[in-house]
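Residues per chain are reported as follows:
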Amino acid sequence: MVRHLKRLILFLILMFSLLLPYRALASPHIDSVTATMIGSDPSCRYYIYEVRAKVNNAIWCDCFTLNDYFMVYVEYPAILRGTWWTPKYPCINHSCPPQSVEEIILVGVPPGATLAIKVVAGRPLAGYGGLWVYTLAQAPSEPPQNCECELSINVSPSDISPQKAGSANTTSTIMVSTTKPAPPEGCTVNFKVEPINTIGHNHDGNRPKGTVTPATLTIPGGSPGAVSAEYKSSEVSGEEKIIAEIKGEKKGEATVNVKVPGLSPLVSKPSLLPWGGTAEHKLGDNNYGTGYTLSAVYYAVGKYAKDHALNTAPDVYLAVIDMSLPYGGLFDINGDWDTPHDWHRVGRSVDFSKYYKDSGGNNIQVVFYDEDGNVIKTTDLITDDDLDKYFAEKKYKCTRKEKSIGKIHYECPK
Ligand SMILES: [Zn+2]
């Protein structure tokens, strides 16, 4: 019995001596902890942190041998992420150098949060929890700053018709998307419209332009999103820039072409003089038409010239004035963005001078002879009734309008 008691005492002493180092265990020591905000999550409402810790566990290491661990984790308010870290330098001869934690990435930290960073010594296989040491880090109270209102803008369709040009296709959809997470308050976009090429209007002033509805809209904060607005053309054709601004700063732009498609320039032919350019609408820009209408003009003038023997006269022309501008639309003949009439928008209107002209555009007298060479008449005036029939033959169906404007005006059906 005594022997048994002795053995028991010896065993207890042995066990106690084995436990002693644990009782003498000192806390691992946190030399430094940094918690740096490195970004925000896709909702743009939370921080992403990088945590680096240096832990000096020399004393603690004294009690352990190889393959011991320590753990660093961060609490907010529960564990967000913890990692067991193997000491880089194993304990040898009861000595081990400081260890460092490379990084812990924390997501979901709201502004102003307190981060509790804990370090614990451990021997996982033995289930040993060791002792905690704490340090604190504070998230900034301001919302994350790396979220920006960065936009991409797209207009579809990019080619539309001006108003009053007989087409319903006068609106485009503007899609504006954020390409980065937006700040929590969202991105408020203001639209501006700027003409960039007025295509034939060689004058400025108070140019009408398209409108955007709504003119202001807000893309909600958080993950990238998209909103749409509508661009509606004015009566004036041309290229216009739709600019998306945020707080007065341009963040994106897209171009829309307001045009009547398919117009081509009237070209000079024998007895046919493209004419009528002004400082506001230069010669060359002022006589565009549809294929049908140009063909009707070429045909009518050619036939008229032959029937009236103008084709044998050296310098006699029928002058065509102000058909349409290259992109059609409002043709403000006086350069005031207003118009005396609603024609000349779609390339199907043709004005002839009432007077025969020479190649320089001067009104001239023309002498007409009968078959025997006798003078029938001398006149500078074109007889419009006479001209009509060349537009009204079965080949072309253009009709004369507006007799009172001092010109001979035809409208073609297409
Ligand atoms: Zn103009």
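Small disclaimer: the values here were computed from a predicted structure and weren't measured.

(A) Main features of the nonpolar core. Within the largest apolar cluster, 60 residues are counted, with the highest numbers of intra-cluster contacts made by Ile242, Val297, Leu318, Ala319 and Val320. Considering every element that reaches this core, the biggest residue donor is helix α3 (residues 291-307), with seven residues. Residue assignment places this core across two domains, with domain 2 (151-258) and domain 3 (264-411) each supplying three or more. Residues within four places of Val320 in sequence aside, it is in contact with Leu266, Leu272, Pro274, Trp275, Asn287, Val297, Val350, Asp351 and Phe352.

(B) Here's a closer look at the confidence of the model for the protein. For the protein, per-residue confidence averages 79 on the pLDDT scale, and 69% of positions sit at 70 or higher. Confidence, read as mean pLDDT per element, is least for helix α2 (residues 58-61) in the protein (45) and greatest for strand β17 (residues 264-265) (98). Here residues 16-27 is a poorly scored stretch, pLDDT under 50, and it has nine contacts once near neighbours within four places are set aside; other chains count. Considering only residues more than four positions removed or in separate chains, one finds that residues 122-131, a stretch of pLDDT under 50, has 18 contacts.

(C) The arrangement of helix α4 (residues 384-392) in detail. Turning to α4, its buried residues number three or more, namely Leu387, Tyr390 and Phe391. Each buried residue of α4 sits inside an arc of 100° when the element is viewed along its axis, so together they form one side. Exposed positions of α4 whose direction lies more than 90 degrees from the buried face are Asp385, Asp386 and Lys389. Buried positions along α4 lie against α3, β21 (349-353) and β25 (407-411).

(D) View of the pairing of strand β22 (residues 366-369). With four bridges connecting them, β22 and strand β23 (residues 375-379) associate as antiparallel partners. Directly across from Phe368, in β23, lies its bridge partner Lys377. What sits between the antiparallel neighbours β22 and β23 is a turn of five residues, in which Gly373 has the positive phi angle 90°.

(E) Representation of the environment of Ile382 in the model. By secondary structure assignment, the location of Ile382 is in the loop between β23 and α4. Expressed as a C-alpha distance, the spacing of Ile382 and Tyr355, which sit 27 residues apart in the sequence, is 5.6 Å. With residues up to four places along the chain from it excluded, the contact list for Ile382 reads Leu318, Phe352, Lys354, Tyr355, Tyr356, Leu387 and Ile408.

(F) Focus on the sheet that holds strand β9 (residues 159-160). One open sheet holds the five strands; their spatial order is β9-β16-β15-β11-β13, and the pairing between them is mixed. Of all strands in the sheet, those bounded by a partner on one side alone are β9 and β13 (216-219). Inspection of the sheet shows strand β11 (residues 187-197) paired to strand β15 (residues 238-246) by seven bridges, in the antiparallel sense. The residue bridging Phe191 from the neighbouring strand is Ala244, located in β15.

(G) Here's a closer look at the environment of Lys250. Checked against the element boundaries, Lys250 lands in strand β16 (residues 249-258). Since 12 C-beta atoms lie within 10 Å of it, Lys250 is described here as exposed. Each C-alpha atom of the pair Lys250 and Leu151 lies 9.6 Å from the other, and the pair is 99 residues apart in sequence. Sequence-distant contacts of Lys250, defined by excluding residues within four places in its chain, comprise Ile243 and Glu245.

(H) Fine view of unusual backbone geometry. Following Ser156, the chain continues to Pro157 via a peptide bond in cis, the omega torsion being -5°. Here Pro157 lies in the loop between β8 (151-156) and β9. Thr213 connects to Pro214 through a cis peptide bond whose omega is -10°. At Ser271, a residue that is not glycine, the phi angle is positive and equals roughly 70°. By C-beta crowding, Ser271 is classed as buried, having 20 other C-beta atoms within 10 Å. One non-glycine residue, Trp337, lies in the positive phi region at around 60°. Structurally, Trp337 is set in the loop between β20 (318-321) and β21.

(I) Molecular detail of the sheet that holds strand β10 (residues 171-178). Pairing is antiparallel across the open sheet formed by four strands, whose spatial order is β8-β10-β14-β12. Edge positions in the sheet fall to β8 and β12 (211-213), since each has one partner strand and no second. Adjacent strand axes in the sheet meet at a mean angle of 25°, parallel and antiparallel pairs treated alike. Bridge count for β10 against strand β14 (residues 226-232) is seven bridges, and the pairing is antiparallel. When the sheet's bridge partners are listed, Met175 is paired in β14 with Ser228.

(J) Spatial organisation of the packing of α3 against α4. Where α3 meets α4, the axes come as close as 9 Å, and the angle between the chain directions of the two elements is 130°. When the axis of α3 is compared with that of α4, the two are oblique. As for how α3 packs across α4, the hand of that crossing is right-handed. Contacts between α3 and α4 involve Ala296, Ala300, Lys303 and Tyr304 from the former and Leu387, Tyr390 and Phe391 from the latter.

The rules behind each value
Residues numbered from 1 in each chain as written. Predicted model: local features only at pLDDT ≥ 70, side-chain atom pairs only at ≥ 80, totals over all residues. Core = buried A, V, L, I, M, F, W, Y, C linked by C-beta atoms within 7 Å. Buried ≥ 20, exposed ≤ 12 C-beta atoms within 10 Å, placed from the backbone. Helix = DSSP H or I, 4+ residues; strand = E, 2+ residues; numbered from the N terminus. Domains from an automatic or database assignment. Contact = placed C-beta atoms within 7 Å. pLDDT = per-residue confidence, 0-100. Arc of directions from axis to C-beta. Pairing = 2+ DSSP bridges. Axes fitted to C-alpha atoms, helices over the stretch in contact; angles between N-to-C directions. Parallel < 35°, antiparallel > 145°, perpendicular 65-115°, else oblique. Left-handed = near helix turned anticlockwise from the far one by under 90°.

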